[in-house]
Amino acid sequence: MSACVEAGIAAELSEVGFAVHMPVPIPIAEKINLDEGEFRRYIEEARRLRQKYEGRIGILIGGEFDFMPDQLPEIERLANAYEYDFRMGSVHFIDDWNFDNPGYLDRWETADVEAVYRRYYRLMTEMAETGLFDIVGHFDLVKKFGFRPDRDISDAVAEAARAVADAGMTVEINSAGWHKPVGEQYPSEQILRLMYDLDVPICLGSDAHAPGQVGRDFDRAISLARRVGWSAVNRFSQRRTFAEPLPAAG
Ligand SMILES: [Zn+2]
């Protein structure tokens, strides 16, 4: 964690937020999230680093929750059991399929892509409607491997975007998508324009899984945000939001 903080300082960020994969039970055996003991140790470490780096960079304690309707009681328990600077809601599972995991890529080959997209955005809508989350993570992650529906599904996208707006959530402009097969940030510019029209605020995320990825391509994300129309970006502390001017792209 301290290497990520140091990387944030080197990238001249004013704060770094950790969005660890929360210990929500998932339907695959692979260990891609923390267990609750690890999560508690993460909070302790983040608090220690916050003191150590005080005055140099802010450190936010966040969690990324895998939204699955059948896990809602456990998600609610975890959400209420700890203090967060932000809670991020994401969808990585469609029923038992971890659709963004390269290990399950073959299922895309035989999938009804339109039905998958519709189910994905339905889950995003339900996630937002819980009211549990401050940020929506990688809103159009379903596009990650580049499979696209043949038919227009903008009604399903619009429904999810409206639910995000109604819940008062912030949308993350996530730069990791530029480094995935789809080669495009999350969400698309078209969706960002929809969010902007719905008065949804933004925050910036690099979805870093290594120190070298902290703050990656933020200049590019800022240029995009400005082009769409935003002039402010949200910061978070103890689940309150603070809008501040969007920095100039470098
Ligand atoms: Zn994620």
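Residues numbered from 1 in each chain as written. Predicted model: local features only at pLDDT ≥ 70, side-chain atom pairs only at ≥ 80, totals over all residues.

Undergrad: Mind showing me how you'd approach the pairing of strand E5 (residues 170-174) here?
TA: Within a regular beta strand, the side chains point alternately toward one face of the sheet and then the other, so they alternate between its two faces. Here E5 lies mainly inside the structure; five of its five residues are buried. Tracing the backbone out of strand E4 (residues 135-136), into helix H6 (residues 154-166) and back to the parallel element E5 gives a crossover that is right-handed. Pairing of E5 with strand E6 (residues 202-205), which is carried by four bridges, proceeds in the parallel orientation. Directly across from Ile173, in E6, lies its bridge partner Leu204. Taking the sense of rotation as the criterion, the β-α-β connection linking E5, helix H7 (residues 189-197) and E6 turns out right-handed. (Buried ≥ 20, exposed ≤ 12 C-beta atoms within 10 Å, placed from the backbone. Helix = DSSP H or I, 4+ residues; strand = E, 2+ residues; numbered from the N terminus. Right-handed = clockwise from strand over helix to strand, strands pointing away. Pairing = 2+ DSSP bridges.)

Undergrad: Would you explain the sheet that holds strand E1 (residues 15-21) in this entry?
TA: Through backbone hydrogen bonds, the strands of a sheet pair up, either in parallel or in antiparallel fashion. The sheet built from six strands is open, its strands ordered E1-E2-E3-E4-E5-E6 with parallel pairing. The open sheet has two free edges, formed respectively by E1 and E6, since each of these has just one partner strand. By the bridge criterion, two bridges tie strand E3 (residues 86-90) to E4 in an arrangement that is parallel. Residue Met88 lies in a different strand from E4, and its bridge partner there is Ile135.

Undergrad: Looking at this model, I keep getting lost on the environment of Pro247. Mind explaining?
TA: As for its position among the elements, Pro247 is in the segment after strand E8 (240-245). We classify Pro247 as partly exposed; it has 15 C-beta atoms within 10 Å. Taking the C-alpha atoms as reference points, Pro247 and Phe93, 154 residues apart in sequence, are found 34 Å from one another.

Undergrad: Hey, could you run me through the environment of Val113 in this one?
TA: As for its placement among the helices and strands, Val113 is situated in helix H5 (residues 113-129). A tally of 15 C-beta atoms within 10 Å means that Val113 is categorised as partly exposed. For Val113 and Phe147, which are 34 residues apart along the polypeptide, the C-alpha to C-alpha distance reads 7.0 Å.

Undergrad: Which parts of the structure should I look at to understand the environment of Phe93?
TA: Position of Phe93 among the secondary structure elements: in the loop between E3 and helix H4 (106-110). Classification of Phe93 by C-beta neighbours within 10 Å gives buried; the count is 21. For the pair Phe93 and Arg227, spaced 134 residues apart in sequence, the C-alpha separation works out to 32 Å.

Undergrad: What is the right way to look at unusual backbone geometry in this model?
TA: The step from Tyr186 to Pro187 runs through a cis peptide bond, and the omega angle for that step is -15°. Within the fold, Pro187 resides in the loop between E5 and H7. Of note in this structure, Asp199 is not a glycine but carries a positive phi near 60°. With respect to the element layout, Asp199 can be found in the loop between H7 and E6. Take Asp199: there are 8 C-beta atoms within 10 Å of it, and that puts it in the exposed class. Notably, Gln238 is not glycine yet its phi reads approximately 50°, a positive angle. Mapped onto the fold, Gln238 is located in the loop between strand E7 (232-237) and E8. With 10 C-beta atoms packed within 10 Å, Gln238 lands in the exposed category.

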